[in-house]
Amino acid sequence: MKSFFAAGGAVPWQINGLSLFMGFFSAGTFVVWGSIAYSLGWVSVTIQWSMALAGFAVGALIAPKWHKVGTLTVAEYISTRLGVRTKNIFTFLFLLISLFTTGSFLYPVARIVEVSTGLPLNACILLLGCICVLYVSIGGLWAVVVTDVLQFIVLTAAVLIVLPLAFDRVGSISTFISSAPDTFFNLLNGEYTIGFVIAFSIYNMIFLGGNWAYVQRYTSVGSSIDAKKVGFLFGTLYIFSPVLWMLPPMIYRVVNSGLSGLNNEGAYLLMCKEVLPHGLLGMMLGGMIFATASSLNSTLNISSGVFTNDIFKRLCPTCSNRVLIRVARLSTIIFGILAIIVALLIPLMGGIVNVVISVAALTGVPLYLPMIWTLFSKRQTGKSVVITTLLSLCVNSFFKFITPFLFGLSLNRADEMILGVTFPALCLAAFELYYKVTGKMSKEYLNYTKCEVLSDSELHASESGANNKFAIKVLGIGIIITGFMIMALGIIAEYAKTIVLIVGILLMLLGFFIKSKSKD
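1. With respect to the overall build of the protein
Scanning the protein from terminus to terminus reveals 21 helices and 0 strands. Of all 520 residues assigned to the protein, the portion counted as buried reaches 58%. The contacts of the protein with a sequence gap of at least 6 include a subset with a gap of at least 24, amounting to 84%. Split by element, the accessible area of the protein, about 20,500 Å² in all, is 69% carbon and sulfur.

2. Structural notes on helix α5 (residues 74-82)
Residues that lie three or four places apart on an α-helix share one face, since the helix turns once every 3.6 residues. α5 sits mainly inside the fold: 7 of its 9 residues count as buried. Of the positions making up α5, those classed as buried are Val74, Ala75, Tyr77, Ile78, Ser79, Arg81 and Leu82. Directly after α5, the chain includes Gly83, whose backbone phi takes a positive value near 105°.

3. Considering the pattern of salt bridges
Applying the stated criterion to the full structure yields 2 salt bridges. Between Arg169 and Glu274 there is a salt bridge whose closest N-O contact spans 3.1 Å. In this pair, Arg169 sits in helix α7 (residues 121-170) while Glu274 sits in helix α12 (residues 267-275), placing the two residues 105 residues apart along the sequence. Residue Arg169 is classed as partly exposed on the basis of its relative accessible area, which comes to 40%.

4. Points about the nonpolar core
Core analysis: the biggest nonpolar cluster contains 141 residues, and Trp66, Leu208, Trp212, Tyr218, Leu276 and Met284 have the highest contact counts within it. No other element matches α7, which puts 23 residues into this core. What Leu208 contacts, discounting residues up to four positions off in sequence, is Leu20, Phe24, Ala54, Gly55, Val58, Tyr214, Tyr218 and Phe234.

5. Section: the packing of helix α11 (residues 224-255) against α12
Across the interface, α11 lies against α12 with an axial gap of 8 Å and an inter-helix angle of 75°. Comparing their axes, α12 and α11 come out roughly perpendicular. Listed contacts from α12 to Trp245, Pro248, Pro249, Ile251, Tyr252 and Val255 of α11 are Ala267, Tyr268, Leu270, Met271 and Glu274. Split by residue class, the contact of α11 with α12 holds 10 nonpolar, no polar and 1 charged.

6. Remarks on the packing of helix α17 (residues 382-406) against helix α18 (residues 413-438)
Where α17 contacts α18, the axes come no closer than 10 Å and their chain directions differ by 155°. Looking at the two axes, α17 sits roughly antiparallel to α18. Crossing of α17 against α18: the hand is right-handed. For the pair formed by α17 and α18, the contact residues are Ser384, Ile387, Thr388, Leu391, Ser392, Val395, Asn396, Phe399 and Lys400 on the first element and Glu416, Leu419, Gly420, Phe423, Pro424, Cys427, Leu428, Phe431 and Tyr435 on the second. Looking at the contact of α17 with α18 residue by residue, the class counts come to 11 nonpolar, 5 polar and 2 charged.

7. So, helix α21 (residues 497-517)
With 21 residues, α21 extends 31 Å from end C-alpha to end C-alpha; this agrees with the ideal 30 Å at 1.5 Å per step. Of the positions making up α21, those classed as buried are Val500, Val503, Gly504, Leu507, Met508, Gly511 and Ile514. Buried positions in α21, seen along its axis, are confined to an arc of 140° and lie on one side of it. Opposite the buried face of α21, by more than 90 degrees, sit the exposed residues Thr498, Leu506 and Leu509.

8. Remarks on the environment of Pro249
With respect to the helices, strands and loops of the structure, Pro249 is situated in helix α11. With relative accessibility at 0%, the residue Pro249 sits in the buried group. In this structure, the C-alpha to C-alpha distance between Pro249 and Ser39, residues 210 residues apart in sequence, is 8.9 Å. With sequence-adjacent residues up to four places away left out, Pro249 is seen in contact with Gly34, Ala37, Tyr38, Ala267 and Tyr268.

9. Describing the environment of Thr403
As for its position among the elements, Thr403 is in helix α17. With residues up to four places along the chain from it excluded, the contact list for Thr403 reads Phe398, Gly408 and Leu409. A polar contact of 3.0 Å, which involves the side chain of Thr403, links it to the backbone oxygen of Phe399.

10. Observations regarding a nonpolar patch on the surface
On the surface, a nonpolar cluster with roughly 580 Å² of combined accessible area is contributed by Leu330, Ile333, Ile334, Ile337, Leu338, Ile341 and Leu345. Position of Leu330 relative to the elements: it lies in helix α15 (residues 321-345).

11. Observations regarding the confidence of the model for the protein
The predicted model of the protein averages 81 in pLDDT, with 86% of residues at 70 or higher. Overall, residues 453-463 carries pLDDT values under 50, and its contacts beyond four positions in sequence, including any with other chains, amount to 19 contacts.

12. Thoughts on the state of the cysteines
All chains considered together, the criterion is met by 1 disulfide. The disulfide bridge from Cys316 ends at Cys319, spanning 2.3 Å between sulfur atoms. Across the S-S bond linking Cys316 and Cys319, the dihedral sits near 85°, which makes this disulfide right-handed. Exposure remark for Cys316: the relative accessible area of 25% places this residue in the partly exposed category.

13. Regarding the packing of aromatic side chains
Applying the stated criterion to the full structure yields 24 aromatic pairs. Ring centres of Phe21 and Phe152 lie 5.8 Å apart, and the angle between their planes is 85°; this geometry places the pair in the edge-to-face category. In this pair, Phe21 sits in helix α2 (residues 13-25) while Phe152 sits in helix α7, placing the two residues 131 residues apart along the sequence. Across this residue pair, the class does not change: Phe21 and Phe152 are buried.

14. Concerning the environment of Thr332
Note on placement: Thr332 falls in helix α15. Taking the C-alpha atoms as reference points, Thr332 and Thr308, separated by 24 residues in sequence, lie 9.7 Å from one another.

15. With respect to the side chain of Ser384
Within the secondary structure, Ser384 sits in helix α17. A polar atom in the side chain of Ser384 sits 2.9 Å from the backbone oxygen of Thr381.

Analysis parameters
- Here the residue numbers are simple positions, counted from 1 along each chain's written sequence.
- Given that the model is predicted, a residue must reach a pLDDT of at least 70 before its local features are reported, and side-chain atom pairs must reach 80 or more before they are shown or counted; all residues, however, enter totals for whole chains, interfaces and linings.
- Side-chain figures throughout are based on the complete set of non-hydrogen atoms in the structure, without hydrogens or water.
- Numbering goes from the N terminus for both helices and strands, where a helix is a DSSP run of H or I of at least four residues and a strand is a run of E of at least two.
- We call a residue buried when its accessible area falls under 20% of the maximum for its residue type, exposed when it is over 50%, and partly exposed in between, using a 1.4 Å probe and counting protein chains only.
- Only heavy atoms matter for contacts: two residues are in contact if any of them lie within 4.5 Å across the pair.
- Working definition of accessibility: Shrake-Rupley area with a 1.4 Å probe, residue cover restricted to the visible protein chains.
- When a carboxyl oxygen of Asp or Glu lies within 4 Å of a side-chain nitrogen of Lys or Arg, that pair is called a salt bridge.
- Side-chain atoms within 4.5 Å are what join buried Ala, Val, Leu, Ile, Met, Phe, Trp, Tyr and Cys residues into a set we call a nonpolar core.
- Orientation is described by axes fitted as lines to C-alpha atoms, over the contacting stretch for helices, and by angles from 0 to 180 degrees between their N-to-C directions.
- For classification purposes, angles smaller than 35 degrees are called roughly parallel, those larger than 145 roughly antiparallel, those between 65 and 115 roughly perpendicular, and all remaining angles oblique.
- Only Asp, Glu, Lys and Arg are considered charged in this grouping, and only Ala, Val, Leu, Ile, Met, Phe, Trp, Tyr, Cys and Pro are considered nonpolar; every other residue, Gly among them, is considered polar.
- Helix crossings get a hand from a simple test, with the near helix turned counterclockwise from the far one by less than a right angle marking a left-handed crossing and a clockwise turn marking a right-handed one.
- Here, expected helix span is obtained from the residue count minus one, scaled by 1.5 Å.
- Comment: arc refers to directions from the helix axis out to C-beta atoms.
- Pairs of N or O atoms are called polar contacts if they sit within 3.5 Å, as long as, within protein, a hydrogen donor faces a hydrogen acceptor (for residues adjacent in sequence, only side-chain-to-side-chain pairs).
- Without a salt bridge and with relative accessible area above 30%, a residue can belong to a patch; like charges are then joined within 9 Å and nonpolar side chains (Val, Leu, Ile, Met, Phe, Trp, Tyr) within 5 Å.
- Confidence scores here are pLDDT values: one per residue, from the predictor, ranging 0 to 100.
- Cysteine sulfur atoms are paired as a disulfide whenever they fall within 2.5 Å.
- Within 6.5 Å between ring centres, the rings of Phe, Tyr and Trp (the latter by its six-membered ring) count as paired, and their orientation is classed by plane angle as stacked under 30 degrees, edge-to-face over 60, tilted in between.

Structure representation (structure tokens):
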């Protein structure tokens, strides 16, 4: 169980940091933010810079707190800190909302394959959903984090090839700038106002610091200092990556300004199809598929962990580890099937941009902020966090679904995000003030302090050491093979041979260096 859901308890912080980055960034970068980049330009980078701020804030404040809890899942923490009844309510809400978030992670992957191959969208959803469910159910968290890091390497190599070829396609950087729409390089544009960006920054901090799948990345490293480094690495990567990833769909606006509606979602890959030699396009597609599937894989793993560890294990406490692992794999498959069904319904919900941002505004802060707040508060109780969450979900849903129908009042993107962030924060602040004035302290707080990890060194060093060496060896071999494949594709490419060969050689050298570290 520890290996399947926490990768042995001491994953190197560099691996978890890259895995966190890929899991967070890949859910919408190519399709959601790529669509905004094509339509509105640089504001897509501004939106994603808010994620860098979130990463630094989480690394400094929240990640070390989660590591000290010392539990396998967030549900375990809730049970200890707030009581079993509260845990049951939040477990139900998390699993229900996870179906929608997991489906929204699967849809962009299928969309990428549809654009590049011409296969029907529904067939792509079914095929890719089954592939992801299969290897996550077999390999657990190690399968997720190792795949994440490999895809980071593949996609970083790919963008180093795509960008110069894309600029060459439009003539030069100056030609691109002069040919773009007038407001294309504004920091803010359209409905993405300063209010939206500020609220989205706060939302990202809460989502990154409280999402049950991401909390795994802080709890499965060796120490609270390593947990900090995971957040800091995430923030650093998000300073540079938005610029690199958003330029291709922005350049495609100059190449072809005729995309509209949901077709904008394919702008990134259409730019790649314009400039990449065919073999490299296939490698880019493979990397994009499994990088974008990263968030799907993480959510499947943690949903299975919550069901197995916090529902089934309590119903059947005498079950052996063999039975629990079977239940873990079976529940992964079941959650995967339900996510596939949700992904099939996304076009009927208004497209992926609408679904991702609306689900974020409606559910993200109400579900995750109360748990983060309890890490720092001695006063919050199970009653206060349940009331905050349920009331916030009701208020957000009222303004999203009821007021447009009854009163013709619809919130724009900024107002929707601001409401989703501020209302639960105000509720928790009101409870905190009330408990402070009345002199009340949470009775469950003492249980929480007893479960904190007092010594960061007592974390299965022998098991995690073997796992770490094996994972590093796998990464090294994977990078070597990737570099060799890129070199081979460079040799047979019709054009851009030099840049492709250089990238391939550099990757192979990196792979040999990483593989040598597995022997230390």
